[in-house]
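Single-letter residue listing:
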Amino acid sequence: MLDKPDYKQIIKEIEVELKSIVSEGKVANYIPELAKVDPNKFAFHISSIDGENYGFGDLDEKFSIQSIAKVFSLTLAYKLNGEDIWKRVGVEPSGNPFNSLIQIEQENGIPRNPLINSGALVISDILYDTLSNPKVDLLNFIREITDNHDIEYNIKVANSEKKTGFRNSALINLMRSFGNINSDINDILDFYFHLCSVEMTVKELSKAFLLYTNHGKLLTNDKEIITSTMAKRINAIMHSCGFYDEAGEFSFKVGLPGKSGVGGGIAAIYPGKYSVAVWSPKLNSKGNSYLGMKALQLLTAKTKRSIF
Ligand code: GLU
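Let me sum up the structure you'll find in this document. (Residues numbered from 1 in each chain as written. Predicted model: local features only at pLDDT ≥ 70, side-chain atom pairs only at ≥ 80, totals over all residues. Heavy atoms only, no water.)

### A few points about the packing of aromatic side chains
Phase 1 of the analysis: Under the counting rule described, the total for this entry stands at 13 aromatic pairs.
Phase 2 of the analysis: One aromatic cluster is present, formed by Tyr-7, Tyr-270 and Tyr-274 through successive ring pairs. (Phe/Tyr/Trp six-rings, centres within 6.5 Å; stacked < 30°, edge-to-face > 60°.)

Structure below.
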């Protein structure tokens, strides 16, 4: 049995060691608003299930969580619609870039998983059908699990993506042609771009992800948001599909279920122990935060706690 890690000391060591690593990669620029972000921002925050919280860097700065928000929309759609959602989206890694069109054509409009763009668009369509006031209800759900009513969409980022989201437009049209999108395409794209524009600090993000650490219950009041089986399945999907076509590499080097976003954020969890969020906008060639991955690799090596 391993001793409980000294998170405080380990986080200090990570801060020191990261200073000697030169960050490679580039800030995402296909969404013009994201290209304006300072590439040298960095923040890291860990929340343990016993209430310990440590971090360093730009801890109170909000950033665009982008695809990390797909975990929240999946959680709400799964909670409201149960196992039926798997009739419209799969649970297999795609092995392709997050915005790839190829498999959608080959696999008759059924996306490989809910964390790539095509899958998140189908989940958005399901939620749009289910919720009475989709944008408001989704935001309220994210606020509830973060225990913070300051969480907002960034309308500038959503509108910026709307102007340049040609691949998402192509994906949703293709899926519509196969009958896997029900509502108006422009409404779903608008809803999806708002979802991706949610902003959080690393503190807020690590707190929100405690839901998945804590097997589907809020840590603050023990309320069950999803069943432990649902939480287990979402964690499994994050593990196999959360890092674009680099999910295998992330598993190999870090070994935690998690999700990255093109805003440079990564959120990850160790079930029953901790959740962690990191933000560094420079992305590697697969679209994952370069320094974020290094930081998490150090964390699981030093704590000797990964799922493996
Ligand atoms: N809004 C982004 C897109 O659809 C999200 C991509 C990501 O973070 O992976 O392209």
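### Details of the sheet that holds strand β7 (residues 274–279)
Phase 1 of the analysis: Strand order in the open sheet formed by 5 strands is β2-β1-β7-β6-β5, with antiparallel pairing between adjacent strands. Since the sheet does not close on itself, it has two edges, and those belong to β2 (53–57) and β5 (258–260), each with one partner. Going from strand to strand, the sheet's axes swing by 5° on average, the running direction of each strand aside.
Phase 2 of the analysis: In this structure, β5 lies alongside strand β6 (residues 265–270), joined through 3 bridges in antiparallel fashion. Counterpart to Lys-259 in the pairing with β6 is Ala-267.
Phase 3 of the analysis: Contacting β1 (43–48), β6 and β7, helix α13 (residues 290–303) runs over the sheet at an angle of about 150° to β7. (Pairing = 2+ DSSP bridges. Helix = DSSP H or I, 4+ residues; strand = E, 2+ residues; numbered from the N terminus. Axes fitted to C-alpha atoms, helices over the stretch in contact; angles between N-to-C directions. Contact = heavy atoms within 4.5 Å.)

### Here's the deal with unusual backbone geometry
Phase 1 of the analysis: Phi angles above zero are rare outside glycine, and Asp-222 is one such case at about 65°.
Phase 2 of the analysis: Within the secondary structure, Asp-222 sits in the loop between α10 (210–213) and α11 (228–241).
Phase 3 of the analysis: Backbone geometry places Lys-304, a non-glycine residue, at a positive phi of 55°.
Phase 4 of the analysis: Counting through the fold element by element, Lys-304 comes out in the segment after α13.
Phase 5 of the analysis: Given the relative accessible area of 58%, Lys-304 is considered exposed. (Buried < 20%, exposed > 50% of the residue type's maximum accessible area, 1.4 Å probe, protein only.)

### Thoughts on the site of the ligand
Phase 1 of the analysis: Residues in contact with the ligand, as listed here, are Tyr-30, Gln-66, Ser-67, Phe-98, Asn-117, Glu-161, Asn-168, Tyr-192, Cys-196, Tyr-244, Gly-261 and Val-262.
Phase 2 of the analysis: Contacts to the ligand include Glu-161, whose side-chain N or O atom sits 2.8 Å from a nitrogen atom.
Phase 3 of the analysis: Taking Val-262, its main chain carries an N or O atom lying 2.8 Å from an oxygen atom of the ligand.
Phase 4 of the analysis: Surface burial for the ligand is 99%, taken as the share of its 290 Å² of free accessible area covered by protein chains.
Phase 5 of the analysis: Along the lines of polarity and charge, the residues of the shell around the ligand split into 6 nonpolar, 5 polar and 1 charged. (Near = heavy atom within 4 Å. Polar contact = N/O pair within 3.5 Å; in protein donor to acceptor, adjacent residues only side chain to side chain. Areas by Shrake-Rupley, 256 points an atom, 1.4 Å probe, with all protein chains shown as cover. Nonpolar A, V, L, I, M, F, W, Y, C, P; charged D, E, K, R; others polar.)

### Details of the pattern of salt bridges
When charged atoms on two side chains of opposite charge get close, those side chains can pair.
Phase 1 of the analysis: On inspection of all chains with the given rule, the structure shows 19 salt bridges.
Phase 2 of the analysis: For Asp-245, the salt bridge identified is with Lys-286, shortest N-O distance 3.7 Å. A residue pair is termed long-range when its members are at least 10 positions apart, and Asp-245 in the loop between α11 and α12 (247–253) and Lys-286 in the loop between β7 and α13 qualify at 41 residues.
Phase 3 of the analysis: Take Lys-286: its relative accessible area is 35%, and that puts it in the partly exposed class. (Salt bridge = Lys/Arg side-chain N within 4 Å of Asp/Glu carboxyl O.)

### A few points about α13
Phase 1 of the analysis: Given a rise of 1.5 Å per residue, 14 residues ought to cover 20 Å, and the 21 Å separating the end C-alpha atoms of α13 matches this to within 8%.
Phase 2 of the analysis: In terms of burial, α13 is a largely internal element, 10 of the 14 residues being buried.
Phase 3 of the analysis: Taken residue by residue, α13 has Tyr-290, Leu-291, Gly-292, Met-293, Ala-295, Leu-296, Leu-298, Leu-299, Thr-300 and Thr-303 as its buried positions.
Phase 4 of the analysis: Next to the buried residues of α13 lie α1 (7–19), β1, α12, β6 and β7.
Phase 5 of the analysis: Two or three places before Gly-292, at the opening of α13, Ser-289 has a side-chain oxygen 3.0 Å from that residue's backbone nitrogen.
Phase 6 of the analysis: Looking one or two residues past α13, Lys-304 carries a phi angle of roughly 55°, positive in sign. (Expected span 1.5 Å × (residues − 1).)

### Quick word on the side chain of Ser-47
Phase 1 of the analysis: If you trace the backbone, Ser-47 turns up in strand β1.
Phase 2 of the analysis: Residue class for Ser-47 comes out buried when judged on its relative accessible area of 2%.
Phase 3 of the analysis: One polar contact links Ser-47 to Asn-53, side chain to side chain, over a distance of 3.0 Å.
Phase 4 of the analysis: With sequence-adjacent residues up to four places away left out, Ser-47 is seen in contact with Glu-52, Asn-53, Ser-206, Lys-207, Leu-210, Lys-273, Tyr-274 and Ser-275.

Remember that the coordinates give geometry; whether it matters functionally is a separate question.
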